[in-house]
Amino acid sequence: MLKIKNIDAFFGKIQVLRHVSLHIGAGEIVSLVGSNGAGKTTLLNVISGIHPSPNGSRVFLETETRGLRPDRIVALGLIQVPEADKVFNPLNVLENLELGGYLRRGDPQSLKENLEQVFQLFPVLRERTEQPAAFLSGGERQMLALGKALMARPKLLMLDEPSLGLAPTVVAEIFQTIRSLHGRGTTILLVEQNAREALRISNRAYVLDTGRILLTGTGEELLGNEEVKRAFLGKDYRGKWER
């Protein structure tokens, strides 16, 4: 479904991605894990057309997306839920969801069906339709961000740190939602610092370290990999990882 090859990226003269290549097959959950500053968000932004890359290829559903505007990439079905600024705070829940389906505004019946599917997945949003997004809890804002993305009918959904800053009980709900979306056939690229939970639900994963792909394998393989344990937690925390 998605194949990127030899991607570099820079902030000014500082190189943050170095010859990154990966692929995602239809129906997979693929995780991208790594420490802060590894380049995970930058990679998603390159794939989405938000951040430039001077070289390499990005092929989505047999279409080369390098050089396409972000809105054209969205129209292809490649949707990103960003780490920050996920929702429009002054707008209410319903308005946020309607904006998520903006590119499909010419088909009101389809938008209505999409909205109902979002409400079935997140019943709390149905109860909050008139509430401004600014007054939602952290967990509800994340649900709204996911719902807004689903209104665009993604073929590939890219999630950037969906559990960041949430209470443990809400984190469990978010990961259950990701499993549910996958069960419905959505292909997912997941960026997540909570490596243990991400790897547990992933078909495959990549470890990104200082802008390079360090390791790749199945989620189960990487959970048991000593290099992964050292890279994320250090030798002094190995027992904590295993617990």
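Residues numbered from 1 in each chain as written. Predicted model: local features only at pLDDT ≥ 70, side-chain atom pairs only at ≥ 80, totals over all residues. Heavy atoms only, no water.

It is not clear to me how the overall build of the chain should be interpreted in this structure. Could you clarify?
Helix and strand content of the chain: eleven helices and ten strands. In summary, the chain has a C-alpha radius of gyration of 18 Å against a globular reference of 18 Å for 243 residues, a match within 12%. Across its three principal directions, the C-alpha atoms of the chain cover 50 × 45 × 30 Å. Residues counted as buried form 47% of the 243 residues belonging to the chain. Partitioning the contacts of the chain with sequence separation of at least 6, the portion at a separation of at least 24 is 64%. As displayed, the chain offers around 12,000 Å² of accessible surface, 50% of which is attributable to carbon and sulfur atoms. (Helix = DSSP H or I, 4+ residues; strand = E, 2+ residues; numbered from the N terminus. Rg over C-alpha atoms; globule rule 2.2 N^0.38 Å. Buried < 20%, exposed > 50% of the residue type's maximum accessible area, 1.4 Å probe, protein only. Contact = heavy atoms within 4.5 Å. Areas by Shrake-Rupley, 256 points an atom, 1.4 Å probe, with all protein chains shown as cover.)

Help me understand helix 3 (residues 93-100), please; the structure alone is not making it clear to me.
Within an α-helix, residues lying three or four positions from one another point in the same direction, as the helix has 3.6 residues per turn. Along helix 3, the positions that sit buried rather than exposed are Val93, Asn96, Leu97 and Gly100. The buried side chains of helix 3 occupy one side of the element, clustering within an arc of 95° when seen end-on. Those residues of helix 3 hidden inside the fold are in contact with helix 4 (108-121), helix 5 (123-127) and helix 6 (138-150). Put simply, Asn92 is the residue that caps the front of helix 3, since its side-chain oxygen is 3.1 Å from the backbone nitrogen of Leu94. (Arc of directions from axis to C-beta. Polar contact = N/O pair within 3.5 Å; in protein donor to acceptor, adjacent residues only side chain to side chain.)

What should I look at first to understand the sheet that holds strand 5 (residues 63-64) in this one?
Picture the strands of a sheet paired through backbone hydrogen bonds; they go either parallel or antiparallel. Reading across the sheet, the four strands line up as 2-1-4-5 and stay open at both edges, with antiparallel pairing between neighbours. Both outer strands of the open sheet, strand 2 (14-24) and strand 5, are each paired with one neighbouring strand and no more. When strand 1 (residues 2-11) meets strand 2, the two strands line up antiparallel, connected through seven bridges. Within strand 2, the position partnered with Leu2 by the bridge is Ile24. Sheet contacts for helix 1 (residues 40-47): strand 1, strand 2 and strand 4 (57-60); angle to strand 1, the most-contacted strand, approximately 115°. (Pairing = 2+ DSSP bridges. Axes fitted to C-alpha atoms, helices over the stretch in contact; angles between N-to-C directions.)

Could you clarify how one ought to interpret the environment of Asn45 in this entry?
By secondary structure assignment, the location of Asn45 is in helix 1. Under the relative-accessibility criterion, Asn45 is labelled buried at 19%. For the pair Asn45 and Gly147, spaced 102 residues apart in sequence, the C-alpha separation works out to 20 Å. Filtering out sequence-adjacent residues up to four positions away, Asn45 remains in contact with Ile50, His51 and Gln80.

I tried to follow the pattern of salt bridges on my own but got confused; where do I start?
Oppositely charged side chains are able to pair whenever their charged atoms sit close together. Enumeration according to the criterion identifies seven salt bridges in this entry. Note that Glu116 is salt-bridged to Arg126, the shortest N-O span being 2.8 Å. Linking Glu116 in helix 4 with Arg126 in helix 5, this pair joins segments that are ten residues apart in sequence. The partly exposed category is assigned to Glu116, whose relative accessible area is 32%. Arg128 is the salt-bridge partner of Glu140, the closest N and O atoms lying 2.9 Å from each other. With a gap of twelve residues between them, Glu140 in helix 6 and Arg128 in the loop between helix 5 and helix 6 connect regions that are remote in the sequence. (Salt bridge = Lys/Arg side-chain N within 4 Å of Asp/Glu carboxyl O.)

It is not clear to me how the sheet that holds strand 7 (residues 156-160) should be interpreted in this structure. Could you clarify?
A sheet is described by the order of its strands in space; here six strands give the open sequence 6-7-8-3-9-10, paired in mixed fashion. Of all the strands in the sheet, just strand 6 (78-81) and strand 10 (212-218) have a single pairing partner and so form its edges. On average, each strand axis in the sheet is tilted by 15° relative to the strand beside it, whichever way the strands run. When strand 7 meets strand 8 (residues 187-191), the two strands line up parallel, connected through five bridges. When the bridges of strand 8 are listed, Leu156 appears paired with Thr187. Helix-sheet contacts for helix 1 involve strand 3 (29-33), strand 6, strand 7, strand 8 and strand 9 (204-209), and the interaxial angle to strand 7 is about 150°. Helix-sheet contacts for helix 6 involve strand 6 and strand 7, and the interaxial angle to strand 6 is about 170°.

In this structure, what is going on with the packing of helix 6 against helix 7 (residues 168-183)? I would like to understand it.
Between two packed helices, the angle of one axis relative to the other and the distance separating the axes together describe the packing. Packing of helix 6 against helix 7 leaves a shortest axis separation of 10 Å and a crossing angle of 15°. Accordingly, the angle class assigned to the pair helix 6 and helix 7 is roughly parallel. Helix 7 is crossed by helix 6, and the crossing has right-handed handedness. Mapping the contact onto sequence places Gly139, Gln142, Met143, Leu146 and Leu150 in helix 6 and Val170, Glu173, Ile174, Thr177 and Leu181 in helix 7. Tallied by class, the residues present in the contact of helix 6 with helix 7 amount to six nonpolar, three polar and one charged. (Parallel < 35°, antiparallel > 145°, perpendicular 65-115°, else oblique. Left-handed = near helix turned anticlockwise from the far one by under 90°. Nonpolar A, V, L, I, M, F, W, Y, C, P; charged D, E, K, R; others polar.)

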